[in-house]
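Chain residues, written in single-letter form:
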Amino acid sequence: MFEHTKAFSGFSADDIPAAKKFYGETLGIPVSEEHGILTLHIAGGRDTIVYPKTGHVPATFTILNFPVSDIEAAVDELTARGVEFEHYDFVDPKGINRQGGPLIAWFKDPAGNVLSVIQLD
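Residues numbered from 1 in each chain as written. Predicted model: local features only at pLDDT ≥ 70, side-chain atom pairs only at ≥ 80, totals over all residues. Heavy atoms only, no water.

Enquirer: Quick rundown of the pairing of strand β2 (residues 31–34)? Include the residues and the values.
Expert: Successive residues of a regular strand alternate their side chains across the two faces of the sheet. Relative to strand β3 (residues 37–40), β2 runs antiparallel, the two sharing 4 bridges. Looking across to β3, one finds that E33 is bridged to L38. Counting the residues in the hairpin turn of β2 and β3 gives 2 residues, including H35, whose phi is positive at 55°. (Pairing = 2+ DSSP bridges. Helix = DSSP H or I, 4+ residues; strand = E, 2+ residues; numbered from the N terminus.)

This is the structure in structure tokens:
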């Protein structure tokens, strides 16, 4: 039924202007806004929408993973742009998980949704 449908993902935020600034300026993702809905134009034609929601509750799981070739450089650059990484018991001082699996570091958007940078190679 859906084998030819180009599905897309979406998640909520409580402040679309703040989300637009964070995703567009801080993360450098091309964004557009129409009818109060923000569209993140993610590489590879993977548009994702961010819709306003009264009573928004942040996702407690990772909603977007950004693959990078050099996690050290990505974490350093994002930190310089004001992004604060999560510091769980199992991450190093920069916030990078090095305890098996891919190197990964988590951070939150202005709405509190969890995102990550991940080095897959």
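Enquirer: Any chance you could break down the nonpolar core for me, citing the residues and the numbers?
Expert: One finds Y23, L27, L40, F107, L115 and V117 to be the most contacted residues of the largest nonpolar core, which totals 27 residues. Elements that contribute at least two residues to this core include exactly β1 (9–13), α1 (16–26), β3, β5 (62–67), α2 (71–80), β7 (103–108) and β8 (114–119). Grouped together as the second largest cluster of nonpolar side chains are 5 residues, I104, W106, V114 and I118 included. (Core = buried A, V, L, I, M, F, W, Y, C linked by side-chain atoms within 4.5 Å. Buried < 20%, exposed > 50% of the residue type's maximum accessible area, 1.4 Å probe, protein only.)

Enquirer: An account of the environment of A59 is needed here, citing residue identities and associated values.
Expert: With respect to the helices and strands, the residue A59 is situated in the loop between β4 (48–52) and β5. Apart from residues lying up to four places away in sequence, A59 is in contact with G112, N113 and V114. (Contact = heavy atoms within 4.5 Å.)

Enquirer: Outline unusual backbone geometry, supporting the account with residue identities and numerical values.
Expert: The backbone of H35 sits at a positive phi, close to 55°, despite the residue not being glycine. Structurally, the position occupied by H35 is in the loop between β2 and β3.

Enquirer: Quick rundown of α1? Include the residues and the values.
Expert: Among the residues of α1, I16, A19, F22, Y23 and T26 are the ones counted as buried. Angularly, the buried residues of α1 cover 155° about the axis, an arc narrow enough to put them on a single face. Within α1, the exposed residues directed more than 90 degrees away from the buried face are P17, K21 and E25. Between the side-chain oxygen of the N-cap and the backbone nitrogen of A18 there are 3.1 Å, and the N-cap of α1 in question is D15. Positive phi shows up at G28, right after α1, with a value of about 75°. (Arc of directions from axis to C-beta. Polar contact = N/O pair within 3.5 Å; in protein donor to acceptor, adjacent residues only side chain to side chain.)

Enquirer: How would you explain the side chain of S116 if you had to name every residue and give the values?
Expert: Along the polypeptide, S116 turns up in strand β8. Of note is the side chain of S116, whose polar atom sits 2.6 Å from the side chain of N65. Setting aside anything within four residues of it in sequence, one finds S116 in contact with T62, L64, N65, F66, I104, A105, W106 and F107.

Enquirer: Hey, could you go over the sheet that holds β3 for me, with residue numbers and the actual values?
Expert: An order of β1-β4-β3-β2 is seen for the 4 strands of this open sheet, with the pairing classed as mixed. Of all strands in the sheet, those with a lone pairing partner are β1 and β2, marking the two edges. Taking the axes of each pair of neighbouring strands and ignoring which way they run, one obtains an average angle of 25° across the sheet. Of the pairings in the sheet, the one linking β3 to β4 comprises 3 bridges and is antiparallel in character. Each bridged residue has a counterpart across the sheet, and for T39 the counterpart in β4 is I49. (Axes fitted to C-alpha atoms, helices over the stretch in contact; angles between N-to-C directions.)

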